[in-house]
Amino acid sequence: MDAAGSHRKLQLQELEEIRREAYENSNIYKERTKAFHDKRIGRKEFHIGDKVLLYNSRLNLMPGKLRSRWDGPYLVINVFPYGVVELQDMGSQRSFKVNGHRLKVFHEDLKEHAQEEEDSTFGLAIYP
């Protein structure tokens, strides 16, 4: 009986050791995955006077297949620490604060450039 009891204690200790190793390996995996993910995140920096687009997360009910979820452009008035950005609506001059993760830079020049390209190539189709 004593031999069986000591053998059972040894088995329980081994099981506890295996559980502890699995827990440590799980933590190591989570840390590596988080570091890999964080390394790939692009940092956004906004400056006063930038034009930005705001992600509309409340567009839930039947948004439409081709409807954009980005509203704007808005003007950046102030940039606070920890990602808070104060915006001003271009039309109504209303200002409000949002999380910087919901913003992306509005590239006005690219839109105008694409329109100019489209206008210049309109009607100049070359057929083989």
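Look a little higher up for the structure.
Remember, predicted model here, so these are calculated numbers, not experimental data.

**Remarks on the pattern of salt bridges**
Then comes step 1: For the structure shown, the criterion picks out three salt bridges.
Then comes step 2: As a salt-bridge pair, Arg-20 and Glu-17 come within 2.5 Å of each other at their nearest N and O atoms. Taken together, the residues span about one helical turn, with Arg-20 and Glu-17 both in helix H1 (residues 2-40) at a distance of three residues.
Then comes step 3: By relative accessible area, which is 34% here, Glu-17 ends up partly exposed.
Then comes step 4: With its nearest N and O atoms 2.6 Å apart, the salt bridge here joins Lys-34 to Asp-38. Residue Lys-34 and its partner Asp-38 are both found in helix H1; the two are separated by four residues, about one turn of the helix.
Then comes step 5: On the basis of relative accessibility, which here comes to 53%, the residue Lys-34 falls in the exposed class.
Then comes step 6: One salt-bridge network, in which partners are shared between bridges, spans Glu-17, Arg-20 and Glu-24.

**Overview of the sheet that holds strand S1 (residues 51-55)**
Then comes step 1: Strand order in the open sheet made by the five strands is S4-S3-S2-S1-S5, with antiparallel pairing throughout. The open sheet has two edge strands, strand S4 (95-99) and strand S5 (103-105), and neither has a second partner. Each neighbouring strand pair of the sheet contributes to a mean axis angle of 50°, computed without reference to strand direction.

**What to know about the pairing of S4**
Then comes step 1: The two faces of S4 differ: Phe-96 and Val-98 on one face are buried, but Ser-95, Lys-97 and Asn-99 on the other face are not.
Then comes step 2: Two elements, strand S3 (residues 84-89) and S4, share five bridges in a ladder whose sense is antiparallel. By the bridge assignment for S4, Val-84 is matched with Asn-99.
Then comes step 3: In sequence, S3 turns back onto S4 through a hairpin of five residues, with Gln-93 there showing a positive phi of about 60°.

**Regarding the side chain of Gln-88**
Then comes step 1: Within the secondary structure, Gln-88 is located in strand S3.
Then comes step 2: There is a polar contact of 2.6 Å between the side chain of Gln-88 and the side chain of Gln-93.
Then comes step 3: Excluding its chain neighbours within four sequence positions, the residues that come into contact with Gln-88 are Tyr-74, Leu-75, Ile-77, Gln-93, Arg-94 and Ser-95.

Parameters at a glance
- Starting afresh in each chain, residues are numbered from 1 along the sequence in its written order.
- Only residues with pLDDT of 70 or above have their local features reported here, since the model is predicted, and side-chain atom pairs are shown and tallied only from 80 upward, although totals for entire chains, interfaces and linings are computed over all residues.
- Remark: hydrogens and water are excluded; side-chain values derive from all non-hydrogen atoms of the structure.
- Salt bridge, as applied in this entry: a Lys or Arg side-chain nitrogen positioned within 4 Å of an Asp or Glu carboxyl oxygen.
- Where helices and strands are cited, they refer to DSSP runs of H or I of at least four residues and of E of at least two residues respectively, numbered from the N terminus.
- Residue exposure (1.4 Å probe, protein chains only): buried if accessible area is under 20% of the type maximum, exposed if over 50%, otherwise partly exposed.
- Strand pairing is defined by DSSP finding a minimum of two bridges between the two strands.
- To define axes, lines are fitted to C-alpha atoms, for helices over the stretch in contact only, and angles between the resulting N-to-C directions are given on a 0 to 180 degree scale.
- Pairs of N or O atoms are called polar contacts if they sit within 3.5 Å, as long as, within protein, a hydrogen donor faces a hydrogen acceptor (for residues adjacent in sequence, only side-chain-to-side-chain pairs).
- Contacts are residue-level and defined by heavy atoms, with any inter-residue pair within 4.5 Å sufficient.

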